[in-house]
Amino acid sequence: ASTLAQYAEAKGRYFGSATDNPELTDAPYVAILTGGEFDQLTPGNSMKWDTTEPTQGQFSYTKGDAVVTLAQQHNMSIRGHNLVWHNQLPGWVSSLPTGQVQAAMENHITNEATHYKGKVFAWDVVNEPFNDDGTYRTDVFYNAMGVGYIADALRTAHAADPGAKLYINDYNIEGSGAKADAMYSLVSSLKSQGVPIDGVGIQGHLATQYGFPGNMQQNLQRFADLGLDVAITELDVRMPLPETAAQDATQATYYTNVVKACLAVSRCVGITIWDYTDKYSWVPSTFPGQGAPLPWDANLAKKPLYDTIVAAL
Ligand code: XIL
């Protein structure tokens, strides 16, 4: 084995990357993306609601289709991301009268999941339903339907694409804590009600200036013990700039810990990094003053972190 994907596959896992349409004009970038290091792609933005249904009832799948086509040409699987989320939501959804939100949500899910039926192996059906203290986000969906919007979204997605693995995906649930407990109680309840739920997506947006999440392996295992898959869906480890040797060492430990936690849990099905190169990371624009989160640098050269990940796999 000599690529991340091959090392992961030897352990029965996939190793994927997020990508986005503007980057696909960068030929050296695409050459690495499709050159065997990765066997799974997640569109970073192209399947979100603001892209796919910017106006009510008018669907656009051009961008998502471009990522799907690229993946198919290179035998990579696709995680669909995402169907219901409070962010990157077009204004028309937030402005709907409460009584129209459920039908709009169900119509969006049905249309998009039908379009990508057979093309994505998994969907992040609901993204980021929780606040950090474990309470539900009071977004337009929760305000209209209460917590039942989650079961409704999962049932609607299952009806449209019965073959896709359906996930709820969130951040700050890597280790034990109030938010992970809230996710555990939600998915326990969904399972006991027979709602179609197959997995929990653990985003994995970590930072060297914060401690590594506690009890990550045990936390993944408790989801697995409910009969669910888990996946590391958006891994990156940012640091305050400038990059230093000390922070690189912390970052290497964090990546190693995440990979080892996943490999230790048989139902942890794979790891996706949130793009592979610092050139296209979301970090510098979202967290000003922070960066260097990924195993390839901004010149598309492998960093020592690449070998760290290989060693952990
Ligand atoms: C990010 C994208 O990478 C950015 O390009 C975009 O501007 C904002 O969203 N959690 C998620 C992802 O589930 O969809 C987010 O992606 C990162 C945080």
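Predicted model, so just to flag it, every value in this text is computed and none were measured.

Rules behind the numbers
- Residues numbered from 1 in each chain as written.
- Predicted model: local features only at pLDDT ≥ 70, side-chain atom pairs only at ≥ 80, totals over all residues.
- Heavy atoms only, no water.
- Near = heavy atom within 4 Å.
- 1 Å grid on protein atoms, 1.4 Å probe; cavity = no way out; pocket = protein on both sides within 12 Å on 5 of 7 lines; lining within 4 Å.
- Sits in = over half its atoms within 2 Å of the grid points.
- Nonpolar A, V, L, I, M, F, W, Y, C, P; charged D, E, K, R; others polar.
- Points joined across faces, edges and corners; volume = space filled by probe spheres on them.
- Helix = DSSP H or I, 4+ residues; strand = E, 2+ residues; numbered from the N terminus.
- Core = buried A, V, L, I, M, F, W, Y, C linked by side-chain atoms within 4.5 Å.
- Buried < 20%, exposed > 50% of the residue type's maximum accessible area, 1.4 Å probe, protein only.
- Contact = heavy atoms within 4.5 Å.
- Salt bridge = Lys/Arg side-chain N within 4 Å of Asp/Glu carboxyl O.
- Expected span 1.5 Å × (residues − 1).
- Arc of directions from axis to C-beta.
- Lys, Arg positive; Asp, Glu negative; His and termini not counted.
- Phe/Tyr/Trp six-rings, centres within 6.5 Å; stacked < 30°, edge-to-face > 60°.
- Polar contact = N/O pair within 3.5 Å; in protein donor to acceptor, adjacent residues only side chain to side chain.

A. Expanded view of the site of the ligand. Taken together, Asn45, Lys48, His81, Trp85, Gln88, Asn127, Glu128, Gln203, His205, Glu234, Trp274 and Trp282 make up the full set of residues near the ligand. Judged by the proximity of its atoms to the pocket grid, the ligand belongs to the largest pocket. Class assignment of the residues belonging to the shell around the ligand gives a composition of 3 nonpolar, 6 polar and 3 charged.

B. Seen up close, the layout of surface pockets. If you add up the space inside the largest pocket, you get close to 480 Å³. Lining of the largest pocket is provided by 27 residues; of these, Trp85, His205, Glu234, Trp274 and Trp282 occupy positions nearest its centre. Elements supplying a minimum of two residues to the lining of the largest pocket: β1 (14-19) and β8 (229-240). In terms of residue class, the lining of the largest pocket is made up of 7 nonpolar, 12 polar and 8 charged.

C. Highlighting the nonpolar core. Among the nonpolar cores identified, the biggest contains 87 residues, and Trp123, Phe141, Ile168 and Ile232 are the most heavily contacted of them. With 7 residues, helix α8 (residues 148-160) is the single largest residue contributor to this core. Once residues within four sequence positions are removed from consideration, Ile232 is found in contact with Ile202, Gln203, Met216, Leu220, Val258, Cys262, Cys268, Gly270, Ile271 and Thr272.

D. Quick peek at the pattern of salt bridges. Summed over the entire model, instances satisfying the criterion amount to 8 salt bridges. Note that Arg79 and Asp124 form a salt bridge whose closest N and O atoms lie 2.9 Å from each other. Residue Arg79 is found in strand β3 (residues 77-84), and its partner Asp124 is found in strand β4 (residues 122-127); the two are separated by 45 residues along the sequence. In this structure, Asp229 engages Arg267 in a salt bridge whose closest nitrogen and oxygen atoms are separated by 2.9 Å. On the criterion of sequence distance, the pair formed by Asp229 in strand β8 and Arg267 in the loop between α11 (245-264) and β9 (268-273) is long-range, its members being 38 residues apart. The class for Asp229 is buried, based on a relative accessible area of 11%. With a relative accessible area of 32%, Arg267 lands in the partly exposed category. The network of salt bridges with common partners includes Asp132, Asp170 and Lys179.

E. A look at the environment of Ile150. Position of Ile150 among the secondary structure elements: in helix α8. Sequence separation between Ile150 and Asn127 is 23 residues; the distance between their C-alpha atoms is 10.0 Å. The contact partners of Ile150, leaving out residues within four places of it in the chain, are Val126, Pro129, Tyr136, Ile168, Leu186 and Leu190.

F. Region of the structure containing helix α4 (residues 62-73). When the terminal C-alpha atoms of α4 are compared, their 16 Å separation across 12 residues agrees well with the 16 Å that a helix rising 1.5 Å per residue should span. Taken residue by residue, α4 has Gly64, Val67, Val68, Leu70 and Ala71 as its buried positions. Viewed along the axis of α4, the buried residues span an arc of 160°, placing them on a single side of the element. Opposite the buried face of α4, by more than 90 degrees, sit the exposed residues Thr62 and Gln73. Among the structural elements, β1, α2 (27-33), β2 (40-43) and β3 are those in contact with the buried residues of α4. Where α4 ends, the next residue or the one after it, Asn75, has phi of about 55°, a positive value.

G. View of the side chain of Asp152. Relative to the elements of secondary structure, Asp152 occurs in helix α8. For the buried Asp152, no salt bridge is present, and the opposite-charge side chain at shortest range is Arg155, 6.0 Å distant. Once residues within four sequence positions are removed from consideration, Asp152 is found in contact with Gln102, Met105 and Glu106.

H. Here's a closer look at the packing of aromatic side chains. Per the counting criterion, the structure on display carries 19 aromatic pairs. Ring geometry for Tyr184 against Phe223: centres 6.0 Å apart, planes inclined by 50°, an arrangement best described as tilted. Taken together, the residues Tyr184 in helix α9 (residues 178-192) and Phe223 in helix α10 (residues 216-224) connect sequence positions 39 residues apart. The class of Tyr184 is partly exposed, set by a relative accessible area of 27%. A relative accessible area of 0% places Phe223 in the buried class.

I. The side chain of Thr233, seen in detail. Within the secondary structure, Thr233 is located in strand β8. You can call Thr233 buried: its relative accessible area is 1%. Polar contacts involving the side chain of Thr233 include one to the side chain of Asn169, which spans 2.7 Å. The residues touching Thr233, leaving out its near neighbours within four places in the chain, are Arg79, Asn169, Gly201, Ile202, Gln203, Thr272 and Trp274.

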